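The lines below spell out each chain.
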Amino acid sequence: QVQLVESGGGLVQAGGSLRLSCAASGLSIGTYHMGWFRQAPGKEREFVAAISGSGGRKDHANSVKDRFTISRDNAKQTVYLQMNSLIPEDTAVYSCAATVWFNDLSEFRKYDYWGQGTQVTVSS
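Draft legend 1. Highlighting the nonpolar core. Counting residues in each nonpolar core, the largest one holds 35 residues, and the members touching the most others are Met 34, Trp 36, Leu 81, Met 83 and Tyr 94. Contributing elements (two or more residues each) for this core: strand S3 (18-25), strand S4 (33-39), strand S5 (46-51), strand S7 (68-73), strand S8 (78-83), strand S9 (92-99) and strand S11 (118-123). Aside from chain neighbours lying at most four places away, what touches Tyr 94 is Glu 6, Leu 20, Trp 36, Phe 37, Arg 38, Val 48, Phe 68, Leu 81, Met 83, Gly 117, Thr 118 and Val 120.

Draft legend 2. Structural detail: the state of the cysteines. As enumerated under the stated definition, the model contains one disulfide in all. Disulfide pairing places Cys 22 opposite Cys 96 at an S-S distance of 2.0 Å. Note on the Cys 22 and Cys 96 pair: the S-S dihedral is about 60 degrees, so by sign convention the disulfide is right-handed. Linking Cys 22 in strand S3 with Cys 96 in strand S9, this pair joins segments that are 74 residues apart in sequence.

Draft legend 3. The arrangement of the side chain of Thr 78 in detail. Looking at the element boundaries, Thr 78 is found in strand S8. By relative accessible area, which is 10% here, Thr 78 ends up buried. Within the local environment of Thr 78, its side chain forms a polar contact with the backbone oxygen of Lys 76, the two atoms lying 2.8 Å apart.

Draft legend 4. Inspection of the sheet that holds S8 at higher detail. Here we have four strands laid out as an open sheet, ordered S1-S3-S8-S7, and antiparallel in their pairing. On the outer flanks of this sheet lie strand S1 (3-7) and S7, each paired with one strand and no other. Strand after strand, the sheet turns through a mean of 15 degrees between neighbouring axes, direction not considered. One ladder, built from six bridges, connects S3 with S8; its direction is antiparallel. Looking at S8, one finds that Cys 22 is bridged to Val 79.

Criteria and cut-off values
- Residues numbered from 1 in each chain as written.
- Predicted model: local features only at pLDDT ≥ 70, side-chain atom pairs only at ≥ 80, totals over all residues.
- Heavy atoms only, no water.
- Core = buried A, V, L, I, M, F, W, Y, C linked by side-chain atoms within 4.5 Å.
- Buried < 20%, exposed > 50% of the residue type's maximum accessible area, 1.4 Å probe, protein only.
- Helix = DSSP H or I, 4+ residues; strand = E, 2+ residues; numbered from the N terminus.
- Contact = heavy atoms within 4.5 Å.
- Disulfide = S-S within 2.5 Å.
- Polar contact = N/O pair within 3.5 Å; in protein donor to acceptor, adjacent residues only side chain to side chain.
- Pairing = 2+ DSSP bridges.
- Axes fitted to C-alpha atoms, helices over the stretch in contact; angles between N-to-C directions.

Written as structure tokens, this is what we have:
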């Protein structure tokens, strides 16, 4: 059974940092491309960042570029999202996802497996 479990969310003041983790089990994470998405109340799910299976390709949404960094440690079956300079607009539930499809990693419909999500709240 495939499981993706996010952790590291919480409440932080604007300007602060958080590091999200996504621990995978039931699959060999190195054969999957991984993504982070977020969804705020009343808004559509939004692409945040993605990383290829080898880690050689990384994509970040324009809204988080230069503030967030995606990375992975295949030996630990874990993907990370380092979030710096957080702003209130970053408040959302953050979910990680796994896909075997390399093209269009920003499209959430391409992903096969999803975690339950972790809440990130940024206060002003």
